[in-house]
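# Report on the structure
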Amino acid sequence: MPVTSVADRAEARVIFKQLVEINTTDTPQGNVTTATAAMQKRFLDAGFLPEDVHLLGPDPRKQNLVVRFRAAGAPTQKPVLFLCHMDVVQALRSDWSTDPFQFIEKDGYFYGRGTQDMKDSDAALVATFLRLHREGYKPKRDLILALTADEEGGKFNGAEWLVQQHRDLVDAAFVINPDAGGIELENGRPVVAEVEATEKLYADYQVTATNRGGHSSLPRPDNAIYELTAGLNRLAAYTFPFELNEVTRTYFTNLAASEKAETAADIREILATPPDAAAAARLSAEPAFNARLRTTCVATRLNAGHANNALPQTAQAIVNCRILPGHSPEETRQALVSIFADPKLGVAYVSSLGDVKASAPDRKAMVPPAPSQEGFAPLASWTQAIWPGITVTPVMETGASDSIYFAQVGIPNYGYSAIALERDDVRAHGRDERLPVDSYWKSLDFWYSFAKTLGGD
Ligand SMILES: [Zn+2]
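In this text the structure is predicted, and so the values were computed from the model without any measurement.

## Points about the overall build of the chain
For the chain, the count of helices and strands is 14 helices and 20 strands. The C-alpha radius of gyration computed for the chain amounts to 24 Å, which stays within 12% of the reference 23 Å derived for 457 residues, consistent with globular compactness. Considering only C-alpha atoms, the chain reaches an extent of 80 × 55 × 45 Å along its principal axes. Counting the 457 residues in the chain, one finds 54% classified as buried. Here the contacts in the chain between residues at least 6 apart in sequence split such that 77% fall between residues at least 24 apart. Both charge centroids of the chain, one from 45 positive and one from 57 negative side chains, sit 1 Å from each other.

Quick look at the structure:
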């Protein structure tokens, strides 16, 4: 097991500190380009060729950096892309015990905004690429590192922009995105390593009932609020169909080995052919299972009426859906229309920029293939080399990450941070964000070994 040397650790720490101390929030104080340009300088100073180091983006403050570690000779396979967002969530000095934009080492932890999400991995991958280059490593395929803007918010999502505008720069056999997954510790003991191998698609819908209104002293049966709430009650009573894919199937198979007997029995019944509907219903009582078994849609906001003494002229709700891979936002919009079963209720799609549209995108994220030997197998074996005895399992993320833009164009992706965190110490987006120093060192060992296996030893 190669352990990162003292000198290599020191360089990786300097890069980590530099990145944490550059404010990359989507605020007037933040600037992603300051961080990506600083990394561009490091690569050029190290001797990477200018044609392999691209700083580009649709906005001067939101420039993305794409670095290509070129194969020696003709590449034998398509590249591997490491996808890392450089922006962080806002953090206020008044909420924190220390300055969030100061990198502080204390009691075995690195503190600062982004130490968990995800300047740790940004820095670790920059350091890994620089180290491999310094050592004269000659990969058999291109390794690409993309450091991108606006994953957490903002109008210039770098991953999406690169896929759509500069596909040639980021085209790959598969994507490794350290913004998800990782090693869960329980009192220091590694329990499980989760690898996000697919994710659900996020979509918002606006449901509207309209009415001619009138004086509230003369109520009528037709009423915008009643029509909307009746529709929402039908949604509350509805469950989307149960559906497994290769990733959730593997996930539940692995889970059955560690769950208590009753749950394990139910899991085995949903894995059987045909799956047992009653077992699926029992498991679905647990929200975390339910979200992995089906598309979910839930009302999250309400807005109705204009005066206490008037019949409402409009009643509106936002319904937020998390859609299983293989289904599109438009398909889900049409499902909502039939669930509401009321032609008086309009169902519109709300884009990520807030535009309301009569129909939703037809594009569906690909149904994930079974985890590939090429990507997943070395990930699992290096993880087990560093954290012996750990189970490595693919999961379907129920939230959303930048991997979705690659899934939408058919590029498989794995979300894996190689960071070990205590289960109850997840502080991403929160106050006093911190990373165990030892976790950072181990992630360096992992990225170095893993990148070398992917590139061909
Ligand atoms: Zn993140």
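Here the narrative resumes.
## Describing the pattern of salt bridges
Throughout the structure, instances matching the rule amount to 27 salt bridges. Among the salt bridges present, the one from R134 reaches D8, with a minimum N-O distance of 2.8 Å. Highlighted residues: R134 in helix α3 (residues 119–134) and D8 in helix α1 (residues 6–20), separated in sequence by 126 residues. In this structure D8 comes out as buried when scored by relative accessible area, which is 15%. Between E433 and R113 there is a salt bridge, with the nearest N and O atoms lying 2.6 Å from each other.

## Some points on the sheet that holds strand β20 (residues 434–436)
Neighbouring strands of a sheet are bound in pairs by backbone hydrogen bonds; such pairs are parallel or else antiparallel. Here three strands make up an open sheet; going across it, the order is β4-β5-β20 and the pairing antiparallel. This sheet does not close on itself; its edge strands, each paired only once, are β4 (104–106) and β20. Direction aside, neighbouring strands of the sheet carry axes that sit 25° apart on average. In this structure, β4 lies alongside strand β5 (residues 109–111), joined through three bridges in antiparallel fashion. Bridging across to β5, I104 finds its partner in Y111. Against the sheet, helix α14 (residues 437–455) touches β4, β5 and β20, its axis set at about 70° to β20.

## Details of the state of the cysteines
Under the criterion given, the structure shown has one disulfide. Two residues, C297 and C321, share a disulfide whose sulfurs are 2.2 Å apart. Residues C297 and C321 are joined through a disulfide that is right-handed, its torsion about the S-S bond being 115°. Note that C297 is positioned in strand β12 (residues 296–304) and C321 in strand β14 (residues 314–323), a separation of 24 residues in sequence. Of the two residues examined, C297 and C321, each falls in the buried class.

## Brief notes about the coordination of the zinc ion
Distances from the zinc ion to its protein donors, H85 (NE2), D117 (OD) and D179 (OD), fall at 1.9 to 2.1 Å. For the zinc ion, all donor residues lie on one chain, and their spacing in sequence is H-x31-D-x61-D. Taken together, the residues span a long stretch of sequence, with H85 in strand β3 (residues 80–85) and D117 in the loop between β5 and α3 at a distance of 32 residues. Of the two residues, H85 and D117, neither departs from the other in class, the shared state being buried.

## What about the sheet that holds β14?
The five strands lie next to each other as β12-β14-β10-β15-β16, forming an open sheet whose pairing is antiparallel. Two strands bound the open sheet, and with one partner strand each, they are β12 and β16 (356–357). Sheet topology places strand β10 (residues 201–210) next to β14; ten bridges connect them, and they run antiparallel. The partner of Q206 across the bridge, within β14, is I318. Most of the contacts of helix α6 (residues 224–237) go to β14, to which it runs at about 20°, and overall it touches β10, β12, β14 and β15 (345–350).

Basis of the calculations
Residues numbered from 1 in each chain as written. Predicted model: local features only at pLDDT ≥ 70, side-chain atom pairs only at ≥ 80, totals over all residues. Heavy atoms only, no water. Helix = DSSP H or I, 4+ residues; strand = E, 2+ residues; numbered from the N terminus. Rg over C-alpha atoms; globule rule 2.2 N^0.38 Å. Buried < 20%, exposed > 50% of the residue type's maximum accessible area, 1.4 Å probe, protein only. Contact = heavy atoms within 4.5 Å. Lys, Arg positive; Asp, Glu negative; His and termini not counted. Charge placed at Lys NZ, Arg CZ, Asp CG, Glu CD. Salt bridge = Lys/Arg side-chain N within 4 Å of Asp/Glu carboxyl O. Pairing = 2+ DSSP bridges. Axes fitted to C-alpha atoms, helices over the stretch in contact; angles between N-to-C directions. Disulfide = S-S within 2.5 Å. Donors = N, O, S within 2.8 Å, 3.2 Å for Na, K, Ca; no water.

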